[in-house]
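Breakdown of the fold
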Amino acid sequence: MATILAEDEDIAASHAPQPDAVVVRFAGDSGDGMQLTGGQFTLSTALSGNDLATFPDFPAEIRAPQGTLFGVSAFQINFGSTAIDTAGDQPDVLVAMNPAALKTNVDALKPGGLIIADTGEFTKRNLEKAKYAASPIDDDSLAKWQVLAFDISALTLEAVKPFGLGNKEALRCKNMWTLGLALWMFDRERGPLIQWLKDKFAKNPVLADANIAALNAGHAYGETAEIGGHIKQQHLDPVPSAPGLYRTVTGAEAISYGLVAGAQLAGLKMFFGGYPITPASAILHNLVKLKEFGVTTFQAEDEIAAICSAIGASYAGQLGVTSSSGPGIALKGEAMGLAVMTELPLVIVNSQRGGPSTGLPTKTEQSDLYQAVYGRNGDTPLPVVAACSPSDAYECAIEAVRIAVQFMTPVMLLTDGYIANAAEPWLVPDPADHAPFPVTFLEDMNGPDGVLPYKRDAKGVRPWIKPGTPGLMHRIGGIEKAVDTGNLDYSPETHQLQTDARKEKVDGVAASIPPQEVCLGQSGGKLAVVGWGSTYGPIHQAVSRSRAKGLDVSHIHVRHIWPLPSNLGALLHSYDRVLVPEMNTGQFKTVLRDQYLVDAQPLNKVSGQPFTIAELEAAVATYFDGAPGNAGGDEVPADDTQLPSIKGVNP
Amino acid sequence: MNDMTPISKLTIKDWESDQEVRWCPGCGDYAILKAVQRTMVDLEADPAKTVFVSGIGCSSRFPYYMASYGFHTIHGRAPAFATGIKVANPELDVWLVTGDGDGMSIGGNHTMHLIRRNLNCQIMLFNNEIYGLTKGQYSPTSRVGTSSPSTPGGSVDRPMLPCAFALGAGARFVARGFDVSKNLPEVLKAAHAHHGAAFIEIFQNCIVYNKDVFEDFAAPKGAEDRQLWLKNGEPMLFGNAKTGDTKGIALDAEKLTLKVVDVVDGDWRAAGVIVHEVTNRSIAHMLVEMPFGAFPMALGVIYDDPRPTYEDSVHQQDAKLIAGKQANLAKLLAKGQTWTVSGTAADPV
């Protein structure tokens, strides 16, 4: 998606059927190495110049009992020679390493799609675990798909025999055998992968050689046509992309890099306080490797200590950052209030997952928007920024840092499990493209009789004063404070004044953010599909396809969730209808209705899976019943007058 | 404070902030505040490099009254803030102020981990065995039977011993004192001299909700019989030397416990009285668990045996890790397997 070149009209949007894009899903036991297989396939796909998007989908259990339905781990990749925005609706190819993987994934497969199954794993015991009465390979239950079933296990054992591995270790090479076959199917180079295996097993060359042998054997299996006409080798041309240096990046990596870039632009060292939680831990794991950038990491005893230590570091003059997922963010709430009250910069990254409570730890959702915007005691406004893709997360992290230090406020950066784990090609940015925003600490007395730690500037921002600065000693805290001096003062007038001042300051952030743009289509018209966060890909494709059918629909994707861009209200009112697809029960829709009195309509999905393009396309179609070129959607409003135009509600 | 005053000439006045002290008249906190200000003067501490960090509760108002930097944070979490402050700037002299509710109840977890990590700071736990600011509920250090608004029939749960908790968490410095004791500044100075987390339990009289709860050992009359002031390298003696009624603490080798022995004619060696070694961890455990009544209250520096601090270890390790590495963001972003797009073809790099 980083490779999108221009406006929609120029894009050869991937209208179904899509001969120039393929969706492959690798599914197996959580111990089968499917995420690794998918990751490496992603890399070779990227190296071959295709655009791509991935969707890793794995269970919450680390090693669920082998062969069980709930232990299935899957990795889906959509790649092709056109711009790819999503991980794809329906796979064309399903690689099923055992019966459970077949059972849990086959229904998603496109009719006529290809199943590659390892018969070595279709034993009586594994079939029972997958709740199959009889092997689906032997009956006609898979008739609507092509089935290519052979004993990958045995072929792998044969291939790695010369290396004298134990049976268990030898079978672990199955994923490389399968990957070899996949690489052949799509005409991929094995070279980079062989190098990667050599590096990975540098300390154990026998394992490296065995894995390489398995990879080569899988590749040769395809080449020597032993599979007999079932599959043909496909070659997808490289996608035309903006010239430059590319790499793949996950959201967790991009956020880590963006935070480091932001700290550099601010001229600050960074202190990261975190506590292990899925799917946020990856950010901590990335940052520990970046200490030469002035990053200190602290694995705290709990979520509360993680944010409090970060606030402590901000107080001492560094950029405090903390990160978590919904349940951990809930624990941090009180401390966020203190950061708002003491007006200290802080970045809080929320990698959203399915909730409430423990919910769906490894699945994606966008249901923490209320929590981000409203979820604290008291009137406690703080800016919220939402990333829409892995590469966008880099820009959003920089933006969060900028707002935090320029406005002396905590900022919440929203991402989700999908963005955190998914990978996409990334046109490597030049750090010099961002204008620096260096921080100035107060060094000298700013009042006639002493230091005034709460003296606000024209933007309502107080000075940042590092303890250790001679002559500026002062005390701050969570109790309401007098104007300028910051001394304890909970008189009615003061609380009113300071509450207003804190709100105005955060509202004022809107003046520093760019106006909302329409990312596909134009301002004004029949329908705007308004999204935020990781729904970008499917919305963009669905709107693109709908526009290709001649429908007057535009895509608006909002990065600044709070405060909202100043022109957003007028922009939304320029459309007849507004549709807000979200992976929650309608949170952003409610915010938009509240802020602008627009009749924003919800479209909600909370299955732990991203929207498909087809779902969104169908939803868009319901607004154009009878319009020329509209094939019609699944749901058609019974009576058009039941959907009053926005203009009618609030001219 | 006049900025021009040299640090060595600062007086107690210079350590007082311009804020009106808002504790109840007669509260033990006033005496502790004075003792801390006295300590700062004696240490010739620099107010600009000193930070008092507190949680929530009566004791946690403390930072507002010191003319240094101060951060009044949220309930129980002061140790976590202190960790961020000290790791971010090890030059700062960090003092934590907490209470039995703040530090042992809602913030017990953070206190434990601060001590375990050995962050170089002083932790002053004001123990008044009650919740003061919320109007008198019993606390985790209240004695069994404490009648309070939340326990009108008397509390039934057993209190914890803060110093035993600290040692259990791995503390390398544990000391005790009490609000009006003239020895308190000396105890605080010893804590400050210790490089690492120094835990000081300060018994503090809450005159409104738990009045005189420490009178049995803190009262001046008969104090010599009820207070065991520990001094490194000196025998553990108490009682009235003038009347010849001297007692000492000895080891009951069979039971592996401490016992009180009479010292006849000043010959404490003959009586088997233990010489206090601040690095003896086993004796430290016994001293903090010594039941008051049968034994005097152990006060002063109970244990002092430094180990590497958390922030030193972090920065030393980080320095090693980054030695020779360049912080080049452009290079970092272009790391790993990359490819260049020129026109339509992609070439692996």
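Attention here is on the structure that accompanies the text. What you are looking at is a predicted structure, and each value in this text was computed from that prediction instead of being measured.

Cut-off values and rules
Residues numbered from 1 in each chain as written. Chains lettered and ligands numbered in written order. Predicted model: local features only at pLDDT ≥ 70, side-chain atom pairs only at ≥ 80, totals over all residues. Helix = DSSP H or I, 4+ residues; strand = E, 2+ residues; numbered from the N terminus. Buried ≥ 20, exposed ≤ 12 C-beta atoms within 10 Å, placed from the backbone. Contact = placed C-beta atoms within 7 Å. Core = buried A, V, L, I, M, F, W, Y, C linked by C-beta atoms within 7 Å. Axes fitted to C-alpha atoms, helices over the stretch in contact; angles between N-to-C directions. Parallel < 35°, antiparallel > 145°, perpendicular 65-115°, else oblique. Left-handed = near helix turned anticlockwise from the far one by under 90°. Expected span 1.5 Å × (residues − 1). Pairing = 2+ DSSP bridges. Nonpolar A, V, L, I, M, F, W, Y, C, P; charged D, E, K, R; others polar.

**Looking at the overall build of chain B**
Within chain B one finds 11 helices and 13 strands. With the C-alpha coordinates aligned to their principal axes, the bounding extent of chain B is approximately 100 × 50 × 50 Å. By the burial criterion, 49% of the 349 residues in chain B qualify as buried. In chain B, 64% of the contacts between residues at least 6 apart in sequence involve partners at least 24 apart.

**Remarks on the nonpolar core**
One finds L413 of chain A together with V174 of chain B to be the most contacted residues of the largest nonpolar core, which totals 282 residues. The element that contributes the greatest number of residues to this core is helix α14 (residues 390-407) of chain A, accounting for 11 residues. By size, the runner-up hydrophobic cluster in this structure holds six residues, among which are C27, I130, C206 and Y209 of chain B.

**Considerations on the packing of helix α1 (residues 34-47) of chain A against helix α7 (residues 191-200) of chain A**
For any two helices packed against each other, the geometry is given by the interaxial angle and the distance between the axes. Residues and elements named next belong to chain A. Contact geometry for α1 and α7: axes closest at 9 Å, N-to-C directions at 140°. Between α1 and α7, the angle falls in the class oblique. α1 and α7 meet at a crossing whose hand is right-handed. Taking contact as the criterion, the partners of Q40, L43, S44 and L47 in α1 are, on α7, P192, L193 and W196.

**Topic: helix α1 (residues 28-43) of chain B**
Residues and elements named next belong to chain B. Its 16 residues give α1 an end-to-end C-alpha distance of 23 Å, which sits within 8% of 22 Å, the value for a rise of 1.5 Å per residue. Those residues of α1 that are buried are in contact with β4 (121-127), α6 (184-193) and β6 (197-203). Note on α1: the residue one or two positions beyond its end, E44, has a positive phi of about 55°.

**So, the interface of chain B and chain A**
Listed by partner, the interface residues are 56 residues for chain B and 62 residues for chain A. Broken down by secondary-structure element, the contributors of at least two residues to the side of chain B that touches chain A are β2 (69-72), α2 (78-88), α4 (108-117), α10 (310-322), α11 (329-333), β12 (338-342) and β13 (345-348) of chain B. Among the elements that make up the side of chain B that touches chain A, the one with the highest residue count is α2 of chain B (eight residues). One ladder, built from three bridges, connects strand β15 (residues 475-477) of chain A with β2 of chain B; its direction is parallel. The residue of β2 of chain B that forms the bridge with R475 of chain A is G70 of chain B.

**Looking at the sheet that holds strand β1 (residues 50-54) of chain B**
Strand pairing in a sheet relies on backbone hydrogen bonds. The paired strands run either parallel or antiparallel. Taken in spatial order, the nine strands of this open sheet run β15(A)-β2(B)-β1(B)-β3(B)-β4(B)-β6(B)-β5(B)-β11(B)-β7(B), and their pairing is mixed. Edge positions in the open sheet fall to β15 of chain A together with β7 (227-230) of chain B, since each of these has one partner strand only. With strand direction ignored, the average angle separating the axes of adjacent strands in the sheet is 20°. The pairing of strand β5 (residues 173-178) of chain B with β6 of chain B spans five bridges and is parallel.

**Notes on the packing of helix α11 (residues 303-315) of chain A against helix α12 (residues 326-342) of chain A**
Residue and element names in this part refer to chain A. Put simply, α11 and α12 touch, their axes get as near as 8 Å, and they point 30° apart. With respect to each other, α11 and α12 are oriented roughly parallel. Every pair of crossing elements has a handedness; the one defined by α11 and α12 is right-handed. In this structure, α11 uses E303, I304, I307, C308 and I311 to contact α12, whose residues at the interface are G328, L331, K332, A335, L338 and A339. Of the residues belonging to the contact of α11 with α12, the class tally is eight nonpolar, one polar and two charged.

**Re the environment of F214 of chain B**
All names here are of chain B. Within the secondary structure, F214 sits in the loop between β6 and α7 (215-218). Taking the C-beta count within 10 Å as the criterion, F214 has 21 such neighbours and is therefore assigned buried. Dropping the residues within four chain positions of it, F214 is found in contact with F178, F203 and N205.

**Some points on unusual backbone geometry**
Backbone torsion omega between T278 of chain A and P279 of chain A reads 0°, so that peptide bond is classified as cis. For P279 of chain A, the location among the structural elements is in the loop between β8 (270-274) and α10 (281-287). Phi angles above zero are rare outside glycine, and M408 of chain A is one such case at about 45°. The topology assignment puts M408 of chain A in the loop between α14 and β13 (410-416). Residues other than glycine seldom take positive phi values, yet K135 of chain B does so here, at roughly 80°.

**A look at α11 of chain A**
Residue and element names in this part refer to chain A. Across its 13 residues, α11 extends 19 Å between first and last C-alpha, which sits within 8% of the 18 Å expected from 1.5 Å per residue. Burial of α11 is extensive: 13 of the 13 residues sit out of reach of the surface. With its phi angle positive at about 105°, G317 sits one or two positions after the end of α11.

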